[in-house]
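# Structural overview
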Amino acid sequence: MEPTTVMEYKKTSCYFCSEWLENGSFKEHVRSCGQVLEKCPNHCHAYVQRKNLEAHLKECPKTTKATNGSSFVTSQSLNDVENRLLVLEQDIQTFRSALNEEIRQRLHLITDIGALKRRNEVTDEWVAKVSDILAALKKCMNEETQSRCIDVEKCRDDIGRLIYQYQEMDEWRMEVGLRLDEVVSNVIQEDNWRGHIELLEAQNVEQSRKIAQVAEELKALKMEVSEDRTEVHQANFMTDEKFGAIDLILEDQHKALTAAKGELSNTLSALQAEVDSRTKTMTELAAKQATLDFELKNMKHIVHETEDKCDKFDKVSTETKAVANRTRQEMNDLEVHLTYQKKLFAIHNTRGHLIWKLDDYAAKLTQAKETQSVPLRSPIFCNKQYGYTMRLEVFLNGIGTWKGRNIIACVSIVPGEYDTLLPWPVRIEAEITLRDQPENPSEAQNIRKILVAKRKNDKYETNQYIHIPHKVLTTCHYVKNDAIFFDVRILKCTVSTVSEKE
C-alpha cells in the first residue's frame, strides 16, 4: 500500500480577510467577517462586502420599494446568508482536503526525489570506482604486456643462444667422435704392434733356447772331445774348422739377436711414448666431454625452465584475457544496469511481462565461449507495481554438464526497492519463450518452458534452469538478423508459510 501522510493544522487563515484563527472560532468569524461578499437583498444582482452593505442599500436603485415588503426581504437575505455560509464551509473543507492531499503528494515526491538523488550519488560513486578499477586494470595490463614482451624477447635470445651452443656442441661431438675413431684405430694398430713384438719375443726365446741347446751340445762335444782326444786328435784340424764355423755362426746369430733386441726396444719405447700421448689426449677429451655434458645438462635445465616460464606466462596471459573479458562483460552489464536505473521511474516494467531482444548473437556466443560462465542479463522488471524485482539471465554457451552444447536461461529475483514490504519466502513461476521469427507470424513455432524463479539464498530447485540445444537454433527462424528474442511472463506468485531458515 502507498504510504499516507496526514498533517493536522491547529490554525486556519480566513479566505476573505487573511486573518489567522483557531479552528473552533472559524465559523463564528465567517458569520461576522466584514469582507464576506453578500448578494444585495434588493435583488439588484450585485455582490458587495458585508461592511459596505448599508452604504450600498442607500445607493441601490431598488431602494424605493414599499416598506411593507422590507421584513420579507430581510428574512430572505438572512436565509441567503446562511446558505452561502454552508456553501463556503463546504468549499473550505474541500480546499483543506485538497491542500492536505497536495502536501501528502509533495512529501511523497520529495521522498522519491531524495531516494533518486541517493541512488544517483551511489551510481556516480560506482561509476567513479569502476573507472578507477578499469584504469588500474588497463595500467596493469600494459605493464604486464610490456614485461611479458621483454621476457619473450629474452626467452627468444636465450633460445637462440642455446640453439647456437647446441650446434657448437654437435660439432664438438662430431670432432670428438672422429678423434675417438682415430684413437681406436691407433689402439688397434698398437695392439697389432704388441702382437708382433710378442711374436718377435717368442722367436727370440726360441732362438735363445736353440743357442742354449747348441751350447749344451757344444759342451757335450767338448767333453766327448776331451775324453776321446786320442780319437779326435786325428781329426783335430777338421774339428777346429768346424768349431770356428760354429763360433762364427753363433757370433752372427748373437749380433742379429742383439740388433733385433735394440730395434724391439726402440719400437717399444716409441709405442710407449705414443700410447702415453694418446692416453693424455684421451684424458683431455674425456675431461672436455664431461665439461660439455655438464654444460649440455645446464643448457637443458635452462631450456626446461624457460619452457616452464613460457607456459606460466601463457597461462597467466590466458587468465588475464579471461579476467579482462569478464570485466568487460561486467562493465557492459553495469552500463546497461545504470542506463535502466536512470530510466527506472520513467519506463519501469510493472506488468510481469518482458520481451528482450538479444543483438549480435554470434559475437556474444564467441565471447561467452572465451569468458567461461559469465551470463547476459536482461533489463529489470516487476511482476506488478511495487512488486518483486526480477531479471532474465542467459548463458549462451551453457554451464555445468550442458556447457558447449546448450543455451541455459533462468529468472533471478534481484534486490528491489520494496523488498522490506513484501512477504518472503515466495515461489514465482515464470514462462520463458524463445520466439520464432518467420515471415508469416502464423507459422511461428515458439519454444515455451515453465520454471521457478531463483533467489540467491533459496535452496536449490530442480526446475530453476531451462536448456535449449544449439542445434535447435539452426532450425526454423529463431536467429534472424543475428538477433534472438526471449519472452518472459510471470504466471503466479505463491507466498510460502515456511520460514527461510527452514
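Look a little higher up for the structure.
Residues numbered from 1 in each chain as written. Predicted model: local features only at pLDDT ≥ 70, side-chain atom pairs only at ≥ 80, totals over all residues. Heavy atoms only, no water.

Before going further, it helps to examine unusual backbone geometry. Each neighbour pair has its own omega, and for W424 with P425 the value is -5°, a cis peptide bond. Along the chain, P425 turns up in the loop between β9 (406–413) and β10 (426–434). One non-glycine residue with positive phi stands out, namely C476, at about 55°. Residue C476 is classed as partly exposed on the basis of its relative accessible area, which comes to 35%. Positive phi values are uncommon outside glycine, yet N481 reaches one of about 55°. (Helix = DSSP H or I, 4+ residues; strand = E, 2+ residues; numbered from the N terminus. Buried < 20%, exposed > 50% of the residue type's maximum accessible area, 1.4 Å probe, protein only.)

Here the focus is the sheet that holds β10. Strand order in the open sheet formed by four strands is β5-β13-β10-β11, with antiparallel pairing between adjacent strands. The two strands at the open ends of the sheet, each matched to only one other strand, are β5 (353–358) and β11 (447–452). Taking each pair of neighbouring strands and ignoring which way they run, the sheet shows an average axis angle of 20°. Sheet topology places β10 next to β11; six bridges connect them, and they run antiparallel. Across the sheet, A430 pairs through a bridge with L451, a residue of β11. (Pairing = 2+ DSSP bridges. Axes fitted to C-alpha atoms, helices over the stretch in contact; angles between N-to-C directions.)

Moving on: the nonpolar core. L392, L396, V411, I432 and F486 are the most contacted members of the largest nonpolar core, which has 34 residues in total. Of all the secondary-structure elements, those providing two or more residues to this core are β5, α7 (361–370), β8 (389–395), β9, β10, β11, β12 (466–469) and β13 (484–495). Of all the elements, β10 adds the most residues to this core, at five residues. One finds C14, L21, V30 and C33 within the second-largest nonpolar core, a separate group that totals nine residues. (Core = buried A, V, L, I, M, F, W, Y, C linked by side-chain atoms within 4.5 Å.)

It is worth spelling out the environment of K456 at this point. Positionally, K456 belongs in the loop between β11 and β12. A sequence separation of 42 residues divides K456 from V414, and the C-alpha atoms of the two residues are 8.4 Å apart.

Summed over the entire model, instances satisfying the criterion amount to two aromatic pairs. Taking the centre distance of 5.0 Å and the plane angle of 85° together, the rings of Y386 and Y418 count as edge-to-face. In this pair, Y386 sits in the loop between β7 (381–382) and β8 while Y418 sits in the loop between β9 and β10, placing the two residues 32 residues apart along the sequence. On the basis of relative accessible area, Y386 is assigned to the partly exposed category, the value being 35%. By relative accessible area, which is 31% here, Y418 ends up partly exposed. (Phe/Tyr/Trp six-rings, centres within 6.5 Å; stacked < 30°, edge-to-face > 60°.)

Counting buried residues in β9 gives eight out of eight residues, a clear majority hidden from the surface. Of the two faces of β9, both are covered, the one formed by N406, I408, C410 and S412 as well as the one formed by I407, A409, V411 and I413. Sheet analysis places β8 next to β9, joined by six bridges and oriented antiparallel. Opposite M390, over in β9, you have I413 as the bridge partner. The sheet contact formed by β9 and β12 spans four bridges and is antiparallel. Its bridge partner lying in β12, I408 is registered against H467.

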